[in-house]
Amino acid sequence: MFMYQLFKKTKKRSGITLVEIMVGSAILAFIGGIVGHWFFMQRQYQRRIFEISDGQQSIRQTSWAMMQELRTARSVLFPRLNPDNSIHSDSKVVFKSFSGDVICYYYNASQREIRRCKIPNGPGAPEFDPEPIAKDVSQIIFTASDDGNRLIDIFMEIKGSFGLESVYLMNE
Amino acid sequence: MDVENEMVDQEMYIVHISNKKGIAIVMVIGLVAIIVPVLYLLSRLGTSHVKLAVKYQENLQTETTAFSGSNAGISRLRGNLRGYQNLTNQLIGDESYNLNLRPTGKGFFQQDLYFLLSNSKIKSHHYAIMAEAEQFNPEPDPPVLVISRDYWNTIEPYEIDQIADVLSMQNDRGVDLLRLDETRDYEKNATPAQYSSEMQAKSDWLPEELVPDWPEIVDNLKSEKLSM
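Everything numeric in this text was worked out from a predicted model, so none of it was measured.

A. Structural view of unusual backbone geometry. A cis amide bond, omega 0°, links Phe78(A) with the succeeding residue Pro79(A). Residue position: Pro79(A) is located in the loop between β1 (75-78) and β2 (88-90). The phi dihedral of Lys123(B) falls on the positive side, at around 55°, and the residue is not glycine.

So, in C-alpha cells, the structure goes:
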C-alpha cells in the first residue's frame, strides 16, 4: 500500500511524455501533409497566375514607354499602308520623333527582346539603348492602318498574355 | 479492497486525462507553427502584382485626364475666350486637371498666340502637356479657327501655374525644338541625293532587323524632306 502511494505521488506530474509527443507529432504530420499538399497546389496555381500577371504588366510598361514617344512623334516612316491601301504589319516601327530624329523600336527574335535605337536625321551614327525595352517577348506587331501615317496599332504577346494598343501621333 | 480498486481506477483516469492534455499541447503548438507562416505567406502573395497593375492604371488615368484638360483649352479658344486663363482643379469624372492658357503675342496674321498647358496629378503620378496654339480672329462669329501644334509631354511634377515651372518646361521643350530646327535645317540645305545617300550610309551601323527595310525608310524620309 505504501509503495502504491509512492507510485501515485511520482505519477502526478505536469510534463509531457515521449508517447504524447509522438502521438501529437504523428497527428501533426498528417495534418501538415494535407496542408502542405494543398499549399503546394496553391503555389503551382499562383505561379501560373503570376506568370500571366507578369506578362500583362510587361505589356503595359512596354506599351506605355513606346506610346509616350509615339504620341508626340511627327510621322510614321515604317510600316506604312501597302500600295493597294491594305494594312501593313511588321515587327518594327520607325518614326520621326518630336525633335525630328529617326527612332526605331524593333524586335530581336533570337533574344526575344524589344530594343530601341535613335538614328540622327543628319550626320552621325545611330545610338542604341543599352537595355532592352522589354524581355521575354513572344511576338510584337506594329500595324499601320491609316493613309496619313499617324495611327499605329501595337500588338504584343509576353508569357502567354496579349495586349493591343493604338496610338495616334499628335504633331505634324 | 474495493476502496483500493476505486483509487486505482481514479488514477488510471487521471493518467488518461493527462495524456490527452499533453497531445493537445503539442498539437496546439504545432498547428500554430504551421498555420501562422502559411497565413503570412498567403497574405503576402499577390500584393506586389496588384500594386503594379494599379500603378499602370493610375499612369493611364493621369495621362487621359491631362489630355482632357488640353482639349478643354482648345475648346475655350474655339469659343473665342481670349487672354490669360488659369483654371485649377477642373473635374473630369473623379479626377482633376489644371489648365493654363498663357498668351505669348501676335502672329503674322494678327492671330493670338498661346502656350497651352495642362497637367494632372493622381497620387504620385504626374503628366503635363505643353503645346502652342494659334487663335484666329472670328469672322464673323465663333467658332474660331484654332491651330495647335508641337505637343510635348512630360511626367515631371511641374506646376503649370508657377512661372518658374513653366519656364523650366519651356527650356526642356526648347532643347527638343532646337534639335528639330537642326534636323530641319539639315533637310533644307541638303539636296535630295545628298540627303538620301547620307541616310542610306547609316545602313552599315543598323541592327540586322532594320537593314532589309532601310531603303524603303530612306525613300519615305526623302519624300518628306523639307526644301528651301
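Read on for the rest.
B. Local environment of helix α4 (residues 192-201) of chain B. Those residues of α4(B) that sit buried are Tyr195(B), Ser196(B) and Met199(B). Taken down its axis, α4(B) places every buried residue within 95° of arc, on the same side. Among the structural elements, β4 (102-108) of chain A together with α3 (163-189) and α5 (214-223) of chain B are those in contact with the buried residues of α4(B).

C. The environment of Val211(B), seen in detail. Residues and elements named next belong to chain B. Residue position: Val211 is located in the loop between α4 and α5. Spatially, the C-alpha atom of Val211 lies 40 Å from that of Thr65, the residues being 146 residues apart in sequence. If we ignore the near neighbours within four places in the chain, the residues touching Val211 are Ser203 and Leu206.

D. Just the pairing of strand β8 (residues 151-158) of chain A, in detail. Residues and elements named next belong to chain A. With six of its eight residues buried, β8 lies for the most part within the structure. Pairing of strand β7 (residues 137-144) with β8 involves seven bridges; the strand directions are antiparallel. If you follow Ala144 over to β8, its bridge partner there is Ile152. What sits between β7 and β8 in their antiparallel hairpin is a turn of six residues, with Asn149 showing a positive phi close to 55°. Here β8 runs beside strand β9 (residues 161-168); their pairing, made up of eight bridges, is antiparallel. For Phe155, the partnering residue across the bridge sits in β9 and is Leu164. Counting the residues between successive antiparallel strands, the hairpin from β8 to β9 contains two residues, one of them, Lys159, with a positive phi of roughly 50°.

E. Structural detail: the sheet that holds strand β2 (residues 95-106) of chain B. Residues and elements named next belong to chain B. Pairing in this open sheet of five strands is antiparallel, and the strands run β1-β2-β3-β4-β5 from one edge to the other. Two strands in the sheet have a free side with no partner beyond their single neighbour: β1 (85-92) and β5 (146-154). Each neighbouring strand pair of the sheet contributes to a mean axis angle of 20°, computed without reference to strand direction. Looking at chain direction, β2 and strand β3 (residues 112-122) are connected through nine bridges and run antiparallel. Among the inter-strand pairings, Gly105 is bridged to a residue of β3, identified as Leu113.

What counts, and where the lines are drawn
- Residues numbered from 1 in each chain as written.
- Chains lettered and ligands numbered in written order.
- Predicted model: local features only at pLDDT ≥ 70, side-chain atom pairs only at ≥ 80, totals over all residues.
- Heavy atoms only, no water.
- Helix = DSSP H or I, 4+ residues; strand = E, 2+ residues; numbered from the N terminus.
- Buried < 20%, exposed > 50% of the residue type's maximum accessible area, 1.4 Å probe, protein only.
- Arc of directions from axis to C-beta.
- Contact = heavy atoms within 4.5 Å.
- Pairing = 2+ DSSP bridges.
- Axes fitted to C-alpha atoms, helices over the stretch in contact; angles between N-to-C directions.

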